[in-house]
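The chain contents come next:
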Amino acid sequence: MIKYKPYEQLELTDDFMFSYVMRSNGELCRQLLESILNFPIDRIDFISSQETIDTYASAKGVRLDVFAKSGNRSFDVELQTSNKRDLPQRSRYYQSQLDTAMLQKGQMYKELGNSYIIFLCTFDPFGFGQYIYSFQNRCTELPEKVLNDGAYKVFVNAQGTHGVISDELKEFLLFLISPGEFQAGANSNLVKKSIVGVEEGRRNEEWRLIYMTLMTKFDELLAEGLQQGLAEGLQQGLAEGRREGLRQGKLEGMAEGRLEGEIRIARLTEILLSEGKLDDLQRSVTDTKFREQMYLKYKLSK
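A.B. asks: Summarise the side chain of Ser-115; cite the residues concerned and give the values.
C.D. replies: When you line up the elements, Ser-115 lands in strand 4 (residues 115-121). Residue classification places Ser-115 among the buried positions, given a relative accessible area of 1%. The contact partners of Ser-115, leaving out residues within four places of it in the chain, are Ser-74, Gln-95, Leu-98, Asp-99, Gly-150, Ala-151 and Tyr-152.

A.B. asks: Requested: an account of the pairing of strand 4, with residues and values cited.
C.D. replies: With seven of its seven residues buried, strand 4 lies for the most part within the structure. On strand 4, burial covers both faces: Ser-115, Ile-117, Phe-119 and Cys-121 on one face and Tyr-116, Ile-118 and Leu-120 on the other are all buried. As defined by bridge partners, strand 3 (residues 73-80) adjoins strand 4 across seven bridges and the pair is classed as parallel. Residue pairing in the sheet places Gln-80 in a bridge with Cys-121 of strand 4. Inspection of the sheet shows strand 4 paired to strand 6 (residues 151-157) by seven bridges, in the parallel sense. Residue Tyr-116 lies in a different strand from strand 6, and its bridge partner there is Tyr-152.

A.B. asks: Can you lay out the confidence of the model for the chain for me, pointing to particular residues and giving the numbers?
C.D. replies: One rule of thumb: low pLDDT means the predicted coordinates there are not for detailed reading. This prediction gives the chain a mean pLDDT of 83; 77% of its residues lie at or above 70. Here residues 246-256 is modelled with pLDDT under 50, and outside its nearest four sequence neighbours on either side it reaches twelve contacts, counting other chains as well.

A.B. asks: So what's going on with the nonpolar core? Residues and values would help.
C.D. replies: Judged by nonpolar contacts, the single largest core of 46 residues is most densely connected at Ile-36, Ile-118, Leu-120, Phe-172 and Leu-173. Leave out the neighbours within four places in its chain, and Ile-118 touches Leu-33, Ile-36, Leu-37, Asp-76, Val-77, Glu-78, Val-154 and Val-156. Counting twelve residues, the second largest nonpolar core, distinct from the first, contains Leu-87, Tyr-94, Ile-117 and Cys-121.

A.B. asks: Mind laying out the environment of Asp-76, listing which residues take part and the relevant values?
C.D. replies: Tracing the backbone through its elements, the reader meets Asp-76 in strand 3. Sequence separation of Asp-76 and Ser-115 is 39 residues, and the distance between their C-alpha atoms is 8.0 Å. With sequence-adjacent residues up to four places away left out, Asp-76 is seen in contact with Leu-64, Asp-65, Val-66, Tyr-94, Leu-98, Tyr-116, Ile-117 and Ile-118.

Cut-offs and rules
- Note that residues are indexed from 1 along each chain, following the sequence as it is written.
- The predicted origin of the model limits local features to residues at a pLDDT of at least 70 and limits the giving and counting of side-chain atom pairs to 80 or more, whereas totals for whole chains, interfaces and linings rest on all residues.
- To obtain the side-chain values, all non-hydrogen atoms of the structure were used and water was disregarded.
- Helical segments are the DSSP runs of H or I of at least four residues, strand segments are the runs of E of at least two, and each set is numbered from the N terminus.
- Think of it in three bands: with a 1.4 Å probe and only protein chains considered, a residue is buried below 20% of the maximum accessible area for its type, exposed above 50%, and partly exposed in between.
- Only heavy atoms matter for contacts: two residues are in contact if any of them lie within 4.5 Å across the pair.
- Two strands are counted as paired when DSSP detects at least two bridges linking them.
- pLDDT is a residue-level measure of predictor confidence that goes from 0 to 100.
- Side-chain atoms within 4.5 Å are what join buried Ala, Val, Leu, Ile, Met, Phe, Trp, Tyr and Cys residues into a set we call a nonpolar core.

So this is what it looks like as structure tokens:
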């Protein structure tokens, strides 16, 4: 089984704690958005965490870490602690799903408000050392011409060294990377509120119960996945043994196939868990064709 971090050791960079702390403290979320986007946000009208968006049945759904609305502007904040090198494509898909969900049937396109997809990274997603990488759609022939479609993508680099950001945000980014350095206190309100949020979160028995329930469910799915991997491996091993036509070859093929099947399903389970794709994980356990698609997607095929 995967060894999970004890609840009382969760930090803000743990997906569960980040989502719940931001959801429970709208003022902290508002100040963080304001610091990153560098424009005033008067209020947060709505905030939720782990919001699932499924625009239609055959499309891949998305689960947003933190979703907030302020007037006609919507914000999605995604915490990223590992670089899977697919952030540009993910930001494109997240924005399309968010926009589709926000525009109600019968509304005009011009009623679509601004949407901001924000990836808060503990690593440099592009390698240029910028604190902030901001993107808008521009004309290729006339780069100074902005499309003004209201779509914004922002990548925050906690390890940045270039660009102009507030001291408040700098300290918050340092806190994300090295929370232990702030045991003696902090200067910025962002960090102070984050420390309090994490401490209160660790004492929140309702959150603890939700976390432990999720981890138990993950363990159950992992066990099912490993069992399925064992069955796959045995089937493959028997086939290889039959082809060789020798008893020894059959035994060796069974052992090798069993091990390979276990490794593949375990690796797929770890990847889907780390990305929070519980629905995909559950489906991969029972749906053979879907599981093969996941193997191909994550380059786990034989």
